[in-house]
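This is what each chain is made of:
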Amino acid sequence: MTNALPQAGTRLPERNVGPFSGGDLRAYAEISGDNNPLHLDAELAQSVGLAAPPVHGMLLFAAFEPILNDWRPDLRIERLSGRFTQPVPSGEAVSLSGRVMRVSGGDKPRILLRLMANGASRAPAIVGEAVLVPREAA
Amino acid sequence: MSETRLGPFCVRTEPTQIAAYRTAIGASGDDVPAAFPICWLGQAEIRTAVEAACAGRLPLHEGQTFDYARPLEVGTEYRLSLNLHEQAHPPRLAANAEITTVAGEICLRMETLLRLVVPAALELSA
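Keep in mind that what you see is a predicted model, and the values were worked out from it rather than measured.

Engineer: Let's hear about the interface of chain B and chain A: which residues, and what values?
Structural biologist: How big an interface is tends to be reported as the loss of accessible area on association of its parts. Across the contact, 31 residues belong to chain B and 31 residues belong to chain A. Residue assignment for the side of chain B that touches chain A shows that the elements contributing at least two residues are α1 (15-25) and β2 (58-68) of chain B. Here the element with the most residues in the side of chain B that touches chain A is β2 of chain B; it accounts for ten residues. Grouping the constituent residues of the side of chain B that touches chain A by class yields 19 nonpolar, eight polar and four charged. Sheet analysis places strand β2 (residues 75-84) of chain A next to β2 of chain B, joined by five bridges and oriented antiparallel. Bridge pairing in β2 of chain B places R79 of chain A opposite D67 of chain B.

Engineer: A description of the nonpolar core should follow, citing residues and the corresponding values.
Structural biologist: Nonpolar side chains tend to gather and get buried jointly when the protein is soluble and globular. Within the largest apolar cluster, 66 residues are counted, with the highest numbers of intra-cluster contacts made by L59, L60, A63, F64 and A130 of chain A together with A35 of chain B. For this core, the leading source of residues is strand β5 (residues 106-117) of chain B, giving six residues. If we ignore the near neighbours within four places in the chain, the residues touching A35 of chain B are M58, F61, A62, E65 and L80 of chain A together with F66 of chain B.

Engineer: Please set out the sheet that holds β2 of chain A residue by residue, giving values where relevant.
Structural biologist: Within the open sheet, the ten strands sit side by side as β1(A)-β3(A)-β4(A)-β5(A)-β2(A)-β2(B)-β5(B)-β4(B)-β3(B)-β1(B). Their pairing is antiparallel. Looking at the sheet topology across the chains shown, the edges are occupied by β1 (15-17) of chain A together with β1 (2-12) of chain B. The sheet shows a mean angle of 20 degrees between the axes of neighbouring strands, taken without regard to direction. Relative to strand β5 (residues 124-134) of chain A, β2 of chain A is paired through nine bridges, and the arrangement is antiparallel. Within β5 of chain A, the residue paired with R79 of chain A across the bridge is V131 of chain A.

Engineer: Got a sec to walk through the pairing of strand β3 (residues 94-104) of chain A? Specific residues and values, please.
Structural biologist: All names here are of chain A. Looking at chain direction, β1 and β3 are connected through three bridges and run antiparallel. What sits directly across from V17, in β3, is V94. Bridge count for β3 against strand β4 (residues 110-118) is nine bridges, and the pairing is antiparallel. In the strand pairing of β4, S104 is matched with R110. In textbook terms, the turn of a hairpin is the stretch between consecutive antiparallel strands, and for β3 and β4 this stretch comprises five residues, one of which, G106, has a positive phi near 90 degrees.

Criteria and cut-off values
- Per chain, residue numbering runs from 1 following the sequence as it is written.
- For naming, the first written chain is A and the first written ligand is 1, with later ones following in the order written.
- Local features in a predicted model are, by the rule used here, given only for residues with pLDDT of at least 70; side-chain atom pairs are given and counted only at 80 or more, and totals for whole chains, interfaces and linings are based on all residues.
- C-beta atoms are first placed from the backbone for all residues, and any pair lying within 7 Å is then listed as a contact.
- Helix and strand assignments follow DSSP, with helices taken as H or I runs no shorter than four residues and strands as E runs no shorter than two, numbered in order from the N terminus.
- For this classification, Asp, Glu, Lys and Arg are treated as charged, while Ala, Val, Leu, Ile, Met, Phe, Trp, Tyr, Cys and Pro are nonpolar and the rest, including Gly, are polar.
- Pairing between two strands is assigned when DSSP locates at least 2 bridges connecting them.
- We define a nonpolar core as a collection of buried residues of the types Ala, Val, Leu, Ile, Met, Phe, Trp, Tyr and Cys that are connected via C-beta atoms lying within 7 Å of each other.
- We call a residue exposed when 12 or fewer other C-beta atoms sit within 10 Å of its C-beta, buried when the count reaches 20 or more, and partly exposed for counts in between; the C-beta positions come from the backbone.
- Structural elements are reduced to axes, namely lines fitted to C-alpha atoms, with helices fitted over the stretch in contact, and the angle between N-to-C directions of any two is expressed from 0 to 180 degrees.

What follows is the structure, encoded as structure tokens:
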């Protein structure tokens, strides 16, 4: 059975992630291998004007995937791309949102989504896009 | 500007690491998360190569792209070839990785864009 494709303009259910603690960042650093001291050293973060170490951009960016999977488990990610435009200090919650921008049909449908992550300042922390395809077309 | 080609390196979708990664990003299911291959840049020999290219500067992650030709499978070995492309103005390092099966079939192209700064020159806008 084939599910109907989403329509352009459809919004993903918005989801809040975090706030991430220093322990969360250390755990992610250990799992991912990204132990850039800026994410782990409060003194270094403060020395560059950040109130707290910034959350790894990839920790926030990867959190879009569960949202996409929960929204449409019949689709899989073919492309995931993002620009990390603003640091999000640890201790701050982030709102993840998305919207279907374009749907192409045919033998191999593709769904293009715009993705946004916004911190407390509401300025975009991540601007990205995802392309989803039906799992059966993989 | 300089360009360095490295690899191929042997990488794996280790089930225990995949499970830990899923937990960290709040994911469930049985798939390899699309963003998981970023962890391979932390693998010792790959990380050493990237750190050498950073030459003492702090890398700030500016952008990331994953382009899949086919999904990865859990518990499988792959080959990762890396192309490090350094730009001078402003200093940036683009790490372009190509992940293939052991037989050489393309699975994924991954681009990691790093802004390189010296700590004293870090700015909030970086």
